[in-house]
Amino acid sequence: MKILVIGSGGREHTLVWKIAQSPRVKKIYCAPGNAGIADLATCLPIKSGDINKLIEFAKKEKIDLTVVGPEDPLCKGIVDLFEKQGLKIFGANQRAVEIEASKSFAKYLLNKYGINTAAGETFTSYKKAENYIRKTGAPVVVKADGLAAGKGVIVCETVSKAIDALKLIMKKRSFGDAGDKVVVEECLTGEEASFLAFTDGKNLLPLPSSQDHKAIYDNDRGPNTGGMGAYSSAPIIDRYMHKKIMEEIMIPTIQAMANEGRPYKGVLYAGLMIDKDKVKVLEFNARFGDPETQPLLMRMKNDIVPIMEATIEGTLDKCKLEIDDRAAVCVVMASKGYPGSYKKGMPVSGLKDVKKMKDVVVFHAGTDKKGKTIVTNGGRVLGVTALGDSIKKAISRAYLSVSRITWDGVYYRKDIGQKALKRIELSAKVEEKASGLQGQI
Ligand code: AMP
Ligand code: GLY
């Protein structure tokens, strides 16, 4: 088979790495790709949003399957346009992708079908939104309706900050048309987790749980980024919570989308807030998460190509995922200054050394090649991902690898996975206490 992967980040390197392991695949192309992807695929000078050129290429090269990484081409309707040309493509179509592209649509869907989420309302009028904020008070969350490169959600501690956020979105139009509407909602507390599943519109095949680290600094401080690290599994999602998420969120959402005439095919990503035994939806993404995909696909043992084909053909009921029992941790190495401005073109050292390490893969995001040297070319540069018999061991292995890689102005969080460790320690203590109590009885 000939496969075309669209995108250029760590998620796409992981997809290419996984697809390259399929015995059915003879050739992989990636548009536009990065320096790490170039080791496994032929990178094309076509932007991920240039759908006409992508179609032209897929037809000319007789591509058997196209896999879409980022949300932008999905929102532009790449799946519909490829299918119209008789080209096979993995991803959500334009009507289904609304679940990510419009926060007001997601809210409407969740409320209509009684799926748990933060209480909130959608506004097209600035004045009405302002009155609502004054009435409900703070803390409160103000969200631009459309895609805003992960910056359109503002969690506000005070009413005045919420009004500033509203002005930024609706008056200053900082996120352009994404600010035509806003969703104002209750601020949820608890622990966040990501839950991803393949779905063909009727059947769901869940991947293990995972957790992202969105803030730039340790202890979840500072501005949000695309994600500074991830691990899988997330100990907060035990068997009971997994079942609850499937029954109360994932299955009803797929049914709701079908009911709305928007059957959903692809990967559905639910961003969740978990508070004790309660779980609520923060958002949906209509694609693989970045960096969650890195640990998730390190753990997935199946050939991913038949799973993607079954997703497209509607036969996921015949598939079963085989998952490595070990934990996986991804530490993102970034350029100093990210998510603000940063320098590019810094030579990266230590990659060869880490390549020899067992159960470690360095996924590239913003990298380029100058001669024989890998140089930085973005905010998030690498996703160093390791497997381990326990989350503790996976963390140690990932950080040992990170310590061997460097460049001028490298930055990474030092606490990836610590939340998982704390939760495991806490549950061990609770169990110890409970068994002590049983002994007393
Ligand atoms: P979203 O793009 O909707 O996932 O939002 C980005 C981040 O904003 C989430 O990962 C949360 O950290 C935060 N967030 C979004 N909605 C809420 C909410 N209702 N309550 C608290 N935090 C939220
Ligand atoms: N890791 C968050 C995202 O992919 O949107």
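Structure shown above.
Given the structure is predicted, the values throughout are model-derived calculations rather than measurements. (Residues numbered from 1 in each chain as written. Chains lettered and ligands numbered in written order. Predicted model: local features only at pLDDT ≥ 70, side-chain atom pairs only at ≥ 80, totals over all residues. Heavy atoms only, no water.)

Caption draft 1: Region of the structure containing the site of ligand 2. Close contacts around ligand 2 come from Asp-212, Gly-226, Tyr-269, Asn-285, Arg-287, Gly-289, Asp-290, Pro-291 and Glu-292, and that covers them all. Contacts to ligand 2 include Asp-212, whose side-chain N or O atom sits 2.8 Å from a nitrogen atom. Between ligand 2 and the protein, one listed contact pairs an oxygen atom with a backbone N or O atom of Asp-290 at 2.9 Å. Within the complex, the protein chains bury 89% of what would otherwise be the 200 Å² of accessible surface of ligand 2. Here the shell around ligand 2 is composed, by residue class, of two nonpolar, three polar and four charged. (Near = heavy atom within 4 Å. Polar contact = N/O pair within 3.5 Å; in protein donor to acceptor, adjacent residues only side chain to side chain. Areas by Shrake-Rupley, 256 points an atom, 1.4 Å probe, with all protein chains shown as cover. Nonpolar A, V, L, I, M, F, W, Y, C, P; charged D, E, K, R; others polar.)

Caption draft 2: Representation of the pattern of salt bridges within the structure. In total, this model carries 29 salt bridges according to the counting rule given. A salt bridge links Asp-180 to Arg-173, with the shortest nitrogen-to-oxygen separation between them at 2.6 Å. Classification of Asp-180 by relative accessible area gives partly exposed; the value is 41%. Measuring nitrogen to oxygen at the nearest pair gives 2.7 Å for the salt bridge that ties Arg-423 to Glu-191. Of this pair, Arg-423 sits in helix 14 (residues 418-440) while Glu-191 sits in strand 10 (residues 191-199); the two residues are 232 residues apart in sequence, bridging distant segments of the chain. (Salt bridge = Lys/Arg side-chain N within 4 Å of Asp/Glu carboxyl O. Buried < 20%, exposed > 50% of the residue type's maximum accessible area, 1.4 Å probe, protein only. Helix = DSSP H or I, 4+ residues; strand = E, 2+ residues; numbered from the N terminus.)

Caption draft 3: Structural view of the site of ligand 1. Taken together, 15 residues lie around ligand 1, and Glu-185, Glu-186, Leu-188, Glu-192 and Glu-283 are the ones closest in. A distance of 2.4 Å is found between an oxygen atom of ligand 1 and a side-chain nitrogen or oxygen belonging to Glu-192. Side-chain polar atom of Glu-283 to an oxygen atom of ligand 1: 2.7 Å apart, as the coordinates give it. In isolation ligand 1 exposes 470 Å². Once the protein is present, 90% of that is buried. Listing elements by their share of the shell around ligand 1, those giving two or more residues are strand 7 (140-144), strand 8 (153-156), strand 9 (182-186) and strand 17 (278-285). Of the residues contributing to the shell around ligand 1, the split by class is seven nonpolar, one polar and seven charged.

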